[in-house]
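Observations on chain architecture
In case you want the letters, here they are:
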Amino acid sequence: MLRADNRYSRFVALAKIILPLAALGLLSTLVLFSRSVDHESAIPYAEVDVHELARGQGIGEPTYSTVMGDGSAITVRAATARPNLAKPSQATASGLSARLTAPDGTVVDMSAREGAIDTDTSTVDLRRDVTIVTSTGYTITTDALATRMDRTQVVSPGRIVADGPMGHLEAGRMELTDGSGMAAAGDNGGEAQGGYVLLFQGGVKLVYKPE
Amino acid sequence: QAQVAFGGLKVDSSLPVEVTADSLSVSQSDGTAVFTGNVLVGQGEMRMTAGTIRVEYAQDGSNDIRKMVATGGVTFVNGQEAAEAREAIYTLESGQVVMTGDVILTQGPNAISGERLTVNLNDGTGQMDGRVKTILQTGNR
């Protein structure tokens, strides 16, 4: 093969050797120097205790709603609910809230930190920091509350504190019914009571500040 | 008819009203509230007790108590004066109390009875109507 005598051919011959070598070097860095991937921290693990989850089956964000005999509707919602394995119709729930809507549009919102639902006896028990807010402007706080789901009856057996249009009120017991069961108390007698009736008992004390 | 000075003690009808009773039933549809079971209403010096008190609200939705209808035997005490009747209606804005049905008003030793007693708490005047009988103690003590 003729000896290359001019600079350009010598340069090309040299390049034919150096360039492939450089390419080979570059390629090898891909394989030789690659960082070892830390498999441990690559996948974000959920912090939830797996045993806790596996032990009891729970329902996230369950909602139960039904319409009652007298036409009012109730919707019960919870953050989590855990059915009672012994008695499947019962479930304990946390972050419980219930909304009762009357045929005439009055809305009663109840919420509590904890509670239990029993679909056999169709009752909902709310416990710990129970608050009741009605669309007629009443805010009632108590520590325990039982609501029926087949008819309008909300009973708070313990002391309640209520703030409403008529002022600040404390009572020993409270019951909300649809008013058809009993005639309105007092002298105006059995005038048909549509809508809900809030009945406070066990000693009532009201303070009203006229503006 | 007899004009009655019903106690120098006026009652400022803007004072807070306190009502205690055995039970209270509030209808959510029209908001009327009925106190039952030895009901006691207190406002400043004034005390009113009754078997049942029905509270009526202003219809303009401002939820002010417009008037209280007391039934089932009412006693009304304001300072040294006391009045008893079968029924009483206390209108808060005007500060007027109208008592009806065998009204007996006692002012210290004096007593007046009649059918209807109208008292205005703001200026402390009262008016008794209907077969008024007055028993004045002659001061022979």
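In what follows, the accompanying structure is described. (Residues numbered from 1 in each chain as written. Chains lettered and ligands numbered in written order. Predicted model: local features only at pLDDT ≥ 70, side-chain atom pairs only at ≥ 80, totals over all residues. Heavy atoms only, no water.)

All names here are of chain B. Burial analysis of strand E5 (residues 46–57) places 9 of its 12 residues in the buried class, which makes it a mostly covered element. Where strand E4 (residues 33–43) and E5 come together, 9 bridges link them in antiparallel fashion. The partner of Gly 42 across the bridge, within E5, is Arg 47. Pairing analysis gives 3 bridges linking E5 to strand E7 (residues 74–78), with the strands arranged antiparallel. If you follow Thr 49 over to E7, its bridge partner there is Thr 75. For E5 and strand E6 (residues 65–71), the ladder comprises 6 bridges, and the chain directions are antiparallel. Its bridge partner lying in E6, Thr 52 is registered against Thr 71. (Buried < 20%, exposed > 50% of the residue type's maximum accessible area, 1.4 Å probe, protein only. Helix = DSSP H or I, 4+ residues; strand = E, 2+ residues; numbered from the N terminus. Pairing = 2+ DSSP bridges.)

As a further point, take the environment of Pro 157 of chain A. Residue and element names in this part refer to chain A. Summarising the element assignment, Pro 157 is placed in the loop between strand E9 (153–156) and strand E10 (160–164). For Pro 157, a relative accessible area of 52% corresponds to the exposed category. With sequence-adjacent residues up to four places away left out, Pro 157 is seen in contact with Ala 144, Gly 172 and Arg 173. (Contact = heavy atoms within 4.5 Å.)

This part is about the packing of aromatic side chains. All names here are of chain A. Inspection of the entire model under this criterion finds 1 aromatic pair over all chains. Measuring from centroid to centroid gives 6.4 Å for Tyr 8 and Phe 11, while their planes differ by 40°, and the two rings are tilted. Of this pair, Tyr 8 and Phe 11 both sit in helix H1 (residues 7–32), 3 residues apart, which is roughly one turn of the helix. Grouping residues by exposure puts Tyr 8 and Phe 11 together as exposed. (Phe/Tyr/Trp six-rings, centres within 6.5 Å; stacked < 30°, edge-to-face > 60°.)

Residues and elements named next belong to chain A. Pairing between E9 and strand E11 (residues 167–177): 4 bridges, direction antiparallel. Looking at E11, one finds that Gln 153 is bridged to Thr 177. Here E10 hands over to E11 after 2 residues, the two strands then running antiparallel side by side. Both E11 and strand E12 (residues 197–208) contribute to a ladder of 9 bridges, which runs antiparallel. In the sheet register, Ala 171 faces E12, and the bridge partner there is Val 204.

Counting 70 residues, the largest nonpolar core has Phe 200 of chain A together with Phe 35, Met 48, Ile 53, Met 68 and Met 99 of chain B as its most contacted members. Take this core: its biggest share by element is 6 residues, from E5 of chain B. Once residues within four sequence positions are removed from consideration, Met 99 of chain B is found in contact with Val 74, Phe 76, Ala 83, Glu 84, Ala 85, Glu 87, Ala 88, Glu 115, Arg 116 and Leu 117 of chain B. (Core = buried A, V, L, I, M, F, W, Y, C linked by side-chain atoms within 4.5 Å.)

Two side chains of opposite charge can pair, provided their charged atoms sit close to one another. Residue and element names in this part refer to chain A. Per the counting criterion, the structure on display carries 11 salt bridges over all chains. Glu 114 serves as the salt-bridge partner of Arg 127, at 3.9 Å between the closest nitrogen and oxygen. One end of the pair, Arg 127, is in strand E7 (residues 123–134); the other, Glu 114, is in strand E6 (residues 107–118), with 13 residues separating them in the sequence. Taking the relative accessible area as the measure of exposure, Arg 127 reaches 35% and is therefore partly exposed. For Glu 114, a relative accessible area of 29% puts it in the partly exposed group. Look at the salt bridges and you will find they share partners, linking Glu 114, Arg 127 and Arg 128 into a network. (Salt bridge = Lys/Arg side-chain N within 4 Å of Asp/Glu carboxyl O.)

Opposite the 30 residues of chain B that make contact, chain A presents 32 residues. For the pair chain B and chain A, the two sides together bury roughly 2400 Å², of which 56% comes from carbon and sulfur. When the area that chain B buries against chain A is broken down by residue, the three leading residues are Leu 24, Val 26 and Gln 28 of chain B, summing to 25%. Applying the counting rule to chain B against chain A returns 0 salt bridges. Taken together, the links from chain B to chain A amount to 7 residue pairs in polar contact (both at pLDDT 80 or more). At the level of secondary structure, the elements contributing two or more residues to the side of chain B that touches chain A comprise strand E2 (17–21), strand E3 (23–27), E4, E5 and E6 of chain B. Of the residues that constitute the side of chain B that touches chain A, the class distribution is 13 nonpolar, 12 polar and 5 charged. The pairing of E12 of chain A with E3 of chain B spans 4 bridges and is antiparallel. From the neighbouring strand, Leu 198 of chain A faces E3 of chain B, where its bridge partner is Val 26 of chain B. (Buried area = accessible area lost by both parts, 1.4 Å probe. Polar contact = N/O pair within 3.5 Å; in protein donor to acceptor, adjacent residues only side chain to side chain. Nonpolar A, V, L, I, M, F, W, Y, C, P; charged D, E, K, R; others polar.)

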